[in-house]
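Structure at a glance
Okay, here's what each chain looks like letter by letter:
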Number of protein chains: 2
Amino acid sequence: MKLSEIYLYLKQDISKIEKELEMSIEARHPVLVKASSHLLKAGGKRIRPVFVLLSAQFGDYKLDKVKHVAVPLEMIHMGSLVHDDVIDDAELRRGKKTIKAEWDNRVAMYTGDYMFAKAIEIASKSGNMKLHEILSDAMVEMSIGEVEQIKEQFNPDQHLRIYLRRIKRKTALLISVSCELGALIAGADETTQMKLKRYGYFTGMAFQITDDILDFVGTEKELGKPAGSDLMQGNITLPALYAMRQDESLRRDLVSFMQTKGTGDVDMPGIIQRIKDTGAISYSKEMADRYLDKGMRELKGLPDIRAKRALREIAEYIGRRKF
Amino acid sequence: MKLSEIYLYLKQDISKIEKELEMSIEARHPVLVKASSHLLKAGGKRIRPVFVLLSAQFGDYKLDKVKHVAVPLEMIHMGSLVHDDVIDDAELRRGKKTIKAEWDNRVAMYTGDYMFAKAIEIASKSGNMKLHEILSDAMVEMSIGEVEQIKEQFNPDQHLRIYLRRIKRKTALLISVSCELGALIAGADETTQMKLKRYGYFTGMAFQITDDILDFVGTEKELGKPAGSDLMQGNITLPALYAMRQDESLRRDLVSFMQTKGTGDVDMPGIIQRIKDTGAISYSKEMADRYLDKGMRELKGLPDIRAKRALREIAEYIGRRKF
């Protein structure tokens, strides 16, 4: 099953979720509607709803119930993107102007707040308490992760452990929760919930590592922002962490750039090349692949339904995606 | 019953709530703990927990259940204060440095996010779905209110209606919800819940109007910030709205100050005096009193227990408070 086939097979339900998302942001305040639709229309892969829909098929799949999970999860993701843009001082997101670039930081902050609150409001319509607990736990972890990201920004001396914990909170957790809650809301048994939760965690880790690789190997057109943006913003990711351990002179250059808090002159294409020369890309790729393998292993033992093949295909897609 | 007696009578339970609040912010991230405790230690009247505890006494009062409402409500309030400080660019809150002054806007944003998420996490332990719906509805409204406040900042041409809607979302709503949910969690009947909810709304409106009056009549020492701070930050409140309608030359001066977005030179003590000269303070006071009367009327028909006398006393206190 190809990725395009997965979307085709879920098409009808995904577009219903999309409609629900649009309806959900119909707030009574024009600025908020404008800011939210702006983000909504910027698109994105809706990967979290996809995970929810697929995981729900391991139980008693009913879209009217599943949407109370799929919509909030995408809204939480969007809310965190808005707040991230405030942090990163980003002007572009998916090639479009960010909310904070178009309005200001304060509007971006409250648009995020609105999306978080709205997400919980929708989730509360599920009538499922455990869902609420898991969702709010995840949001707590995510906000801790955000503060951690600020603390580690422009800090070149990070342990790999710190990086992994950060991407767990930043990405893997919400994907993991998407899978877990999809299974939960559809009434799948606990073993299935657990396996899907773990599949989501491993796949999410691989997804973020791949994203971090692409920031070095992608073109500006593919990324919707210049290559090396993470480094420019002081976010030191796996390839850079590895490369600094391999190349002392590169390390010195990055340390002094980090000391300028991103204001210093830097030959980013040159830095990127030197990072690549250390073998950092294939090192990072291997780590992503190891996570994907772990994710795949969790799927074994689950009933051999179409959704399982789709989840496997998504993991494979992450492994080979180019942008 | 005096206000001090109310606190005395609730003392034991309030201090348990205080302890729960402290425990709740024990995040695993030092910056977050520091930022949150900073806010927690700044104190405050804990008025929302007080409303929860009192309202719960109209049902089957059990602190172990009630705390799942009282703690989240205070945390949501604190979270919104943190985000407010980002908006208002405030350096002082209750006479102490704000989180954004001590750290930065980004830390303030995520500390707020953390508090909101933590609040929902705690509320989810109540096992009560309706509570969740009401709480998340309120958070949605509050975030809409925040965006509205940004839009209306430095806008001298506001209808009274806009002001009232803003203070409803900013203050009255959460106090109203505190009363409603206190009654709900204690299993009070629906009429009681409704009466307390309405009492909370009216009292909350009066509370905010009084706050807005005090910003003009209080001293810097009493307020913990200079008098006229609201105006300086472009937040146009009831006394100023009224005064501008009465005194055309004052209106012109305020309009031109607002056009400078708060950067222009202004004789604030002079402006405050001219606002007072229009009778704006007693006009605003009367409006607050009308809300308090409406709140009191809701209490009629409720059983004549100690908590009812306390709620009446709180309303009376708001009517006469000086800072």
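Residues numbered from 1 in each chain as written. Chains lettered and ligands numbered in written order. Predicted model: local features only at pLDDT ≥ 70, side-chain atom pairs only at ≥ 80, totals over all residues. Heavy atoms only, no water.

The name recorded for chain A in an unreviewed UniProt entry is Heptaprenyl diphosphate synthase component 2, from Bacillus selenitireducens. The heading Function (unreviewed entry) in the UniProt record of chain A holds the text "Supplies heptaprenyl diphosphate, the precursor for the side chain of the isoprenoid quinone menaquinone-7 (MQ-7)." (UniProt positions renumbered as here; feature names shortened; annotations may be inferred.)

Some words on the relation of the copies chain B and chain A
Superposition of the two copies of the chain requires a rotation about an axis together with a shift along that axis. Once turned by 180° and shifted 0.0 Å along the axis, chain B lies on chain A with an RMSD of 0.0 Å. Such values leave the two copies arranged in the relation of a two-fold axis. (Least-squares fit on C-alpha atoms with pLDDT ≥ 70 in both.)

Some points on the packing of aromatic side chains
All names here are of chain A. Counted by the stated rule, this structure contains eight aromatic pairs over all chains. A centroid spacing of 6.3 Å and a plane angle of 35° characterise the contact between phenylalanine 202 and tyrosine 291, whose relative ring orientation is tilted. Here phenylalanine 202 is found in helix H9 (residues 190–217), whereas its partner tyrosine 291 is found in helix H15 (residues 280–299), with 89 residues between them in sequence. Residues phenylalanine 202 and tyrosine 291 agree in their burial class; the two are buried. A ring pair is formed by tyrosine 242 and tyrosine 283, whose centres lie 4.1 Å apart and whose planes are at 15°; its orientation type is stacked. (Phe/Tyr/Trp six-rings, centres within 6.5 Å; stacked < 30°, edge-to-face > 60°. Helix = DSSP H or I, 4+ residues; strand = E, 2+ residues; numbered from the N terminus. Buried < 20%, exposed > 50% of the residue type's maximum accessible area, 1.4 Å probe, protein only.)

Here's the deal with the packing of helix H7 (residues 129–152) of chain A against helix H6 (residues 105–123) of chain B
Where H7 of chain A contacts H6 of chain B, the two axes come as close as 8 Å, and the packing angle between them is 160°. Classified by the angle their axes make, H7 of chain A and H6 of chain B are roughly antiparallel. Crossing angle aside, the handedness with which H7 of chain A passes H6 of chain B is left-handed. Mapping the contact onto sequence places Met129, His132, Ser136, Asp137, Met139, Val140, Ser143, Ile144, Glu146, Val147 and Ile150 of chain A in H7 of chain A and Arg106, Val107, Tyr110, Asp113, Tyr114, Ala117, Lys118, Ile120, Glu121 and Ala123 of chain B in H6 of chain B. Per-class residue counts for the contact of H7 of chain A with H6 of chain B are twelve nonpolar, three polar and six charged. (Axes fitted to C-alpha atoms, helices over the stretch in contact; angles between N-to-C directions. Parallel < 35°, antiparallel > 145°, perpendicular 65-115°, else oblique. Left-handed = near helix turned anticlockwise from the far one by under 90°. Contact = heavy atoms within 4.5 Å. Nonpolar A, V, L, I, M, F, W, Y, C, P; charged D, E, K, R; others polar.)

Looking at the side chain of glutamate 121 of chain B
Mapping glutamate 121 of chain B onto the fold places it in helix H6. Residues in contact with glutamate 121 of chain B, not counting those within four places in the same chain, are Ser136, Asp137 and Val140 of chain A.

Focus on empty space enclosed by the protein
For the structure on display, the rule yields four cavities of 30 Å³ or more. Looking at the largest cavity, it is lined by 24 residues, and the ones nearest its centre are Asp113, Phe116 and Met139 of chain A together with Asp113 and Phe116 of chain B. Residue assignment for the lining of the largest cavity shows that the elements contributing at least two residues are helix H4 (63–88), helix H6 (105–123) and H7 of chain A together with helix H4 (63–88), H6 and helix H7 (129–152) of chain B. By residue class, the composition of the lining of the largest cavity is 14 nonpolar, six polar and four charged. (1 Å grid on protein atoms, 1.4 Å probe; cavity = no way out; pocket = protein on both sides within 12 Å on 5 of 7 lines; lining within 4 Å. Points joined across faces, edges and corners; volume = space filled by probe spheres on them.)

Here's the deal with a positive patch on the surface
Residues and elements named next belong to chain A. Taken together, Arg290, Lys294, Arg297, Lys300, Arg306, Arg309 and Arg312 make up a surface patch of like positive charges. Contributing elements (two or more residues each) for the positive patch: H15 and helix H16 (306–320). Inspection of the secondary structure puts arginine 309 in helix H16. (Patch = residues over 30% accessible without salt bridge, like charges linked within 9 Å, V, L, I, M, F, W, Y side chains within 5 Å. Areas by Shrake-Rupley, 256 points an atom, 1.4 Å probe, with all protein chains shown as cover. Salt bridge = Lys/Arg side-chain N within 4 Å of Asp/Glu carboxyl O. Lys, Arg positive; Asp, Glu negative; His and termini not counted. Charge placed at Lys NZ, Arg CZ, Asp CG, Glu CD.)

Observations concerning the environment of isoleucine 25 of chain A
All names here are of chain A. In this fold, isoleucine 25 is placed in the loop between helix H1 (3–24) and helix H2 (30–41). Among the residues examined, isoleucine 25 registers a relative accessible area of 3% and is labelled buried. As a C-alpha pair, isoleucine 25 and alanine 119 span 94 residues in sequence and 9.9 Å in three-dimensional space.

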